[in-house]
Amino acid sequence: MVLDVEPYVASWRTGPTDLDAGVVRLAERWGDQPVLVLTNSARVVSAAVLPTGWRQRSRARKPLTRLRVPAGAVVVGDQPLQDGLLAWRLRATFVRVPLPPAAPWWARVTHAAFGPVSRLWLRRPGPSRP
């Protein structure tokens with residue numbers, strides 16, 4: 001599973017304590033399932049709270065980041081242009097989470113503008129796996 005940090009793990013404009021608390025909350029729910037916490041920002045989860053088997057990548061440059069994920073992977077995020085296109089590239093399932101009302105203006109704009117357009121590429125299979 002690939003998780004977008006904002007807003008699923010922690011909200012925008014929150015500090016490292018909130019980010020760590022979000023990871024702990026999700027780890028309690030998912031246990032030993034392998035998870036990649038991914039963000040385009042510079043935020044980093046403290047090594048002390050990152051569960052065994054979980055990885056993280058900041059400044060990921062989604063959707064262009066290169067990742068290896070197993071078949072049947074799931075990308076969870078709020079932005080169709082970034083998270084949805086990443087899922088399409090990885091041939092993964094995209095689970096779109098609702099955008100919270102406190103989202104910054106740029107997140108609301110890209111969410112609204114690219115939501116309808118994303119349906120065009122999310123219907124077609126992504127690139128073939130090597």
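Before any of the text, the structure's been laid out above.
First things first, this report covers the structure right here in the doc. (Residues numbered from 1 in each chain as written. Predicted model: local features only at pLDDT ≥ 70, side-chain atom pairs only at ≥ 80, totals over all residues. Heavy atoms only, no water.)

## Describing the packing of aromatic side chains
At step 1: In this structure the tally under the stated criterion is two aromatic pairs.
At step 2: Between tyrosine 8 and tryptophan 30, the ring centres sit 6.2 Å apart and the planes meet at 15 degrees, which makes this aromatic pair stacked. One end of the pair, tyrosine 8, is in helix H1 (residues 5-9); the other, tryptophan 30, is in helix H2 (residues 16-30), and 22 residues separate them in sequence.
At step 3: Between the aromatic rings of tryptophan 12 and tryptophan 106, the centroid separation amounts to 6.2 Å while the plane-to-plane angle is 90 degrees, which identifies the pairing as edge-to-face. Of the two residues, tryptophan 12 sits in the loop between H1 and H2 while tryptophan 106 sits in helix H4 (residues 105-123), which places them 94 residues apart along the sequence. (Phe/Tyr/Trp six-rings, centres within 6.5 Å; stacked < 30°, edge-to-face > 60°. Helix = DSSP H or I, 4+ residues; strand = E, 2+ residues; numbered from the N terminus.)

## Examining the layout of surface pockets
At step 1: Size it by volume and the second largest pocket reaches roughly 190 Å³.
At step 2: Lining the second largest pocket are 15 residues, and of these Met1, Pro34, Val35, Leu36 and Pro70 sit closest to its centre.
At step 3: Here the residues of the lining of the second largest pocket sort into 10 nonpolar, three polar and two charged. (1 Å grid on protein atoms, 1.4 Å probe; cavity = no way out; pocket = protein on both sides within 12 Å on 5 of 7 lines; lining within 4 Å. Points joined across faces, edges and corners; volume = space filled by probe spheres on them. Nonpolar A, V, L, I, M, F, W, Y, C, P; charged D, E, K, R; others polar.)

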